[in-house]
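Reading the structure
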Amino acid sequence: MDWSTSLRLIAPEELLSVAGLVMLLTAAWAGDRASRTLSIIGVTALVGAAFLVAPALCAGSMGAETEAFFGQFRADAFASFAKLLIYGSAAVALIIAPAYFERLNAMRAEYPVLVIFAALGMGIMVSAGDFLTLYVGLEMNSLAAYVLAAFMRNDGRSLEAGLKYFVLGALASGILLFGISLTYGFTGSTSFAGVNAALDGAISTGAVFGLTFVLAGLAFKISAVPFHMWTPDVYEGAPTPVTTFFATAPKVAALALTMRVALDAFGSQIISWQPIVIFAALASIIVGALGAIGQINLKRLMAYSSINNVGFILIGLAAATPQGASAMLVYLAIYVAMSVGGFVGILMLKDVDGNHVESIADIAGLSRTRPLLAAALAMVMFSLAGIPPLFGFWGKFVVFNAAVAADLVPLAAIGIAASVIGAFYYIKIVKVMYFDEPVGVVTGKSDWAHGALLAGSALVISPLGYLLTRWLGAMADNAAAPLFHLM
Amino acid sequence: MNGFPILSLMLLVPLVAAIACLYSNARTARMVALAATLIDFALGIVLWTNYDIGGAQWQFTERVELFAGFSWALGIDGIALMLIMLSVFLMPICIGASWNAIEKRVGEYMAAFLLMELLMIGVFAAQDLFLFYIFFEAGLIPMYLIIGIWGGADRIYASYKFFLYTLLGSVLMLIAMLWMVNEAGTPDIPTLMAYDFAPEAQTWLWLAFFASFAVKMPMWPVHTWLPDAHVQAPTAGSVILAGVLLKMGGYGFIRFSLPMFPEASSQFAWLVFGLSMAAVVITSLIALVQHDMKKLIAYSSVAHMAIVTIGLFSFNVQGLEGSMIVMLSHGLVSGALFLAVGVIYDRLHTREIDRYGGLAINMPKYALFFLLFTMASIGLPGTSGFVGEFLSLAGIYQVSSWVAFVCTTGIILGAAYMLYLYRRVVFGEQKNADAAAMPDLSLREFALMAPIAAVVLWMGVYPESFIAPMRSDIAALDARIARARPVSDAQPTPGKPQAETHHDTTAAHEGAH
């Protein structure tokens, strides 16, 4: 293990760090005028980093040759898969932002810089091979995210979102650190491999506490029930491009991290954490579905929808098999496409003055005033509800297939029955757009970039998406394999 | 048809037309939809004429490994062929029925119907379990939109009820399918139809499938979505709901529940019988007191579907053939009855029975067609309804005389509510001036009714045309489920063989002549 190998393995992180620093300096000298240029640089850097991580995924890299800095960092296929989703989501967050902020006169040069640093932090999270690397990546992402949530400095709701996110995020980090310290105390190691080896066989009560606290801290980050309370407030209050970012990239990163911790570090104690994950999965599905029913704000609704979706993804984790992990990754990829479609669709809802519309009542009869936009949003809703032939069904399909294959039939049956509750509020949105009389609020024109992104995600979640299933499945299998190399 | 993917083509035509309809004005959309459905009907006729009766069980098979976990596998047997024919036959009629009645958002309406056609053909042609599920479940989206956008006053409640009810039924079936495929190692339907699952697993699988098919069928007491959906749907929506969508439940039983879980089907036959008996009597009585014509016909559908289920679970050839014929006949007859209601609804915009009366005087042609379909619904010999109901009841009589007895009252009650309806609407005095002033059938309406009437009589007089393609498939199914056949309650004992000498004397007697 020489330094040059390690430095080569972290090339995407180096690229993003350098790009971030250059952008920071440019921002300091050129000021807010440069924000569009900086966004372009940021997107370019993300695309470049994506090209750097892609080979590891295609080759299915795992094991010793992917470990940098003595196992603290892993550039394996799993990390690559997650990073591709993260970089893609971050690029989307950069593309959709200028049109939104410029109209409010709030576009600042910090935005692209913060997104890049957040993406860098998330890349470190999903590549972590050690609890300390994990924490460094997590905090790097979180600190950027707190600022992003409060990005509209003059807007009370945005500030509230930032403050809530910060206080609860700090609490979660504290819980996580407490769990890590307990784990370290009872296993004598902070590396995932070391913890895995130390926990093989009987487990002490203290280590169970450590494991539980680590998972609780991570549950905050993925907004799984019962640690989901911050999500609706933050999603609603944060500016919509930032909400899009929160619903996609950090979700992917935190879920990938949870997979890594549960299946790798605690992979020898599946029996200890499986009940926790099963509870969190079912509770998230049910609370996410019930909570969404009474909502009148689209962004809040999407927040509950994301809680609901995390529940479905956790069903794959509960299976604790390579098939389950692969299913989670497939679901994550589809979920990112659906969320991007949903939030970009919401961004395109503008009234005649160009103000953004977020209330469900205001999109009544949208199918007659803006038929294409309504059709795309309806597809996202049916897809989130998991109705075939839309692609969202495939995510649920693979996850439940993994659960059934792992002999968790009751969990699968309860989970899928609860998904019907969720279908209620998704079809309610369709009802408002298609069945109700038009109120004529949404009449404003939208940015072409938004339209292109929406069209792209609509294409992915349309039935044509099924043509991707073989390729996506193969990639996800490649990515899931490294998590199980110790077993 | 050596290798030509005619089934895929039948799916492609409505898809292309649906997309075209979305982007065209009302007039073009109507023409495109009619042309596409007629092309599909023509393809259906090609399919039927090229179907080799007595040939391979699965014909026109196609298989492309397009997706992970499942494949694009299509193919039909005689049962699927008949149901596909029913769908493609009713579709042009539905488009015709909506020609003038639908004025708003015509393009979207036609697109939704064409997508429905695609999905219905897909359901009957799918040879892959998951492909079947996708088609089966995807039908929710267009039907939800059809009821919700173009329905009547309470359309939103009805559309929610339809969507959530049927979704809840289906998702459990998905879990059962996943388990089956994990167990058997293939999602191929013909393979699964011959796979023997452990009897204790069959119990659960059967219940999961039953949850879905019973709602789709619909069986009492999970039928309550049907009257709401029917009443609120536009005429053509009702025709498709009654004509084809309800058949998906029966098709599910005959394609999945019976051949895949014969032991469980036998074990739960009492449940099916009990629910069917309750359905026949209760929904017939409910139909008797309806004031709304569509609701009355909707409840009569539930009663007819109960005859289908008892026929299916009688585990013999008569019962199975009978229930297939009931399904086809009910598809035609109830579709035609909804059309008949639609004709007068378009004129007076009410479905209240009391608002009509004496239509035989001013609408004689209408009265004639309505009478024919009423009689077919009752099951008068010479119409399609008789053939199916007689066979089904004959089938169930071999298993249980009590079930046969209770279900036969359905025929009497059916005659009661249908004749009562007919008397109130068509006979009697012309008590409402506006109803008395309604013009008789237009040429378009005549053209919609006449083909159905012809097929109803054809099926009634010469059912062999329709039974012949299904005969070998039903025989194969009968052989498959024979091992689980329930014991007959009549316990017939074979008669004493007549003494040899008797034969001799008869022969001698005849010889003497």
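Above this text is the structure in question.
Below, the structure is looked at part by part.

Our focus in this paragraph is the overall build of chain B. Summing up its helical and strand segments, chain B has 23 helices and two strands in all. By the compact-globule yardstick of 24 Å for 513 residues, chain B fits well, its C-alpha radius of gyration being 23 Å. Of all 513 residues assigned to chain B, the portion counted as buried reaches 64%. Once local pairs closer than 6 in sequence are excluded, the contacts in chain B between residues at least 24 apart make up 82%. Just so you have it, chain B exposes about 17,900 Å², and 67% of that area is on carbon and sulfur atoms.

Turning next to a nonpolar patch on the surface. The grouping of L372(A), L12(B), L15(B), V16(B), I19(B), L22(B), Y23(B) and L115(B) at the surface amounts to a nonpolar patch, some 780 Å² of accessible area in total. Top element by residues in the nonpolar patch is helix 1 (residues 6-22) of chain B. It accounts for five residues. By the element assignment, Y23(B) lies in the loop between helix 1 and helix 2 (26-50). A relative accessible area of 63% places Y23(B) in the exposed class.

Attention now moves to the interface of chain A and chain B. Listed as interface residues are 34 residues of chain A and, on the opposing side, 33 residues of chain B. For the pair chain A and chain B, the two sides together bury roughly 3,200 Å², of which 79% comes from carbon and sulfur. The interface formed by chain A and chain B includes zero salt bridges. At the boundary of chain A with chain B, the tally comes to seven residue pairs in polar contact (both at pLDDT 80 or more). For the side of chain A that touches chain B, the secondary structure elements donating two or more residues are helix 15 (366-369), helix 16 (371-384), helix 17 (392-405), helix 18 (409-434) and helix 20 (469-480) of chain A.

Tallying each qualifying case throughout the model produces 65 aromatic pairs over all chains. Relative to F136(B), the ring of F132(B) lies with its centre 5.2 Å away and its plane at 25°, an arrangement referred to as stacked. Pair noted here: F132(B) and F136(B) are both in helix 5 (residues 129-138), with a separation of four residues, about one helical turn. The side chain of K396(A) reaches across the aromatic face of F312(A), ending 4.4 Å from its centre. Above the face of the F136(B) ring, K216(B) is positioned so that its terminal group lies 4.2 Å from the ring centre.

We now examine the layout of surface pockets. All names here are of chain A. Here the second largest pocket is characterised by a volume of approximately 650 Å³. What lines the second largest pocket is a set of 23 residues, among which L84, L85, A333, W471 and L472 lie closest to the centre. If one sorts the elements of the lining of the second largest pocket by residue count, helix 4 (residues 77-103) sits on top with six residues. Across the lining of the second largest pocket, the residue classes break down as 19 nonpolar, four polar and no charged.

Rules used throughout
Numbering of residues begins from 1 in every chain and follows the order in which that chain's sequence is written. To read the labels, note that chains go from A and ligands from 1, taken in the order they are written. Where totals are concerned, whole chains, interfaces and linings use all residues; where local detail is concerned, this predicted model gives features only for residues with pLDDT of at least 70, and gives and counts side-chain atom pairs only at 80 or more. The basis for the side-chain values is all heavy atoms of the structure; hydrogens and waters are excluded. Here a helix means four or more residues in a row that DSSP labels H or I, a strand means two or more in a row labelled E, and each is numbered from the N terminus. Put simply, the radius of gyration uses C-alpha atoms, and a globule should come to 2.2 Å times the residue count raised to 0.38. The buried label applies to any residue whose accessible area, calculated with a 1.4 Å probe on protein chains only, is under 20% of its type's maximum; exposed applies above 50%, and partly exposed to all values in between. Two residues qualify as a contact provided that any one of their heavy atoms is within 4.5 Å of a heavy atom in the partner residue. All accessible areas in this document rest on Shrake-Rupley with a 1.4 Å probe, and a residue is counted as covered only by the protein chains that are shown. Residues form patches when they are more than 30% accessible in relative terms and have no salt bridge. Like charges link within 9 Å. Nonpolar side chains (Val, Leu, Ile, Met, Phe, Trp, Tyr) link within 5 Å. One side-chain nitrogen of Lys or Arg within 4 Å of one carboxyl oxygen of Asp or Glu is enough to make a salt bridge. The term buried area refers to how much accessible surface (probe radius 1.4 Å) is lost by two components on association, counted for both of them together. We call two N or O atoms a polar contact when they sit within 3.5 Å, provided that within protein one can donate a hydrogen and the other can accept it, with sequence-adjacent residues counted only if both atoms are side-chain atoms. Stacked, tilted and edge-to-face are the three classes assigned to paired rings of Phe, Tyr and Trp, where Trp is represented by its six-membered ring and a pair needs centres within 6.5 Å; plane angles under 30 degrees give stacked, over 60 edge-to-face, the rest tilted. A ring has a charge above it when a Lys NZ or an Arg CZ is no more than 6 Å from the ring centre and no more than 35 degrees off the ring normal. Computed over the protein atoms alone on a 1 Å grid, cavities are sets of points where a 1.4 Å probe fits but cannot get out and pockets are open sets with protein on both sides within 12 Å along at least five of seven lines; a residue lines them when it has an atom within 4 Å of a point. Grid points are joined across faces, edges and corners, and a volume is the space filled by probe spheres set on the points. Under the grouping applied here, Gly and all other residues not named as nonpolar or charged are polar, the nonpolar ones being Ala, Val, Leu, Ile, Met, Phe, Trp, Tyr, Cys and Pro and the charged ones Asp, Glu, Lys and Arg.

Spatial relationships are all this shows, so hold off on functional conclusions.
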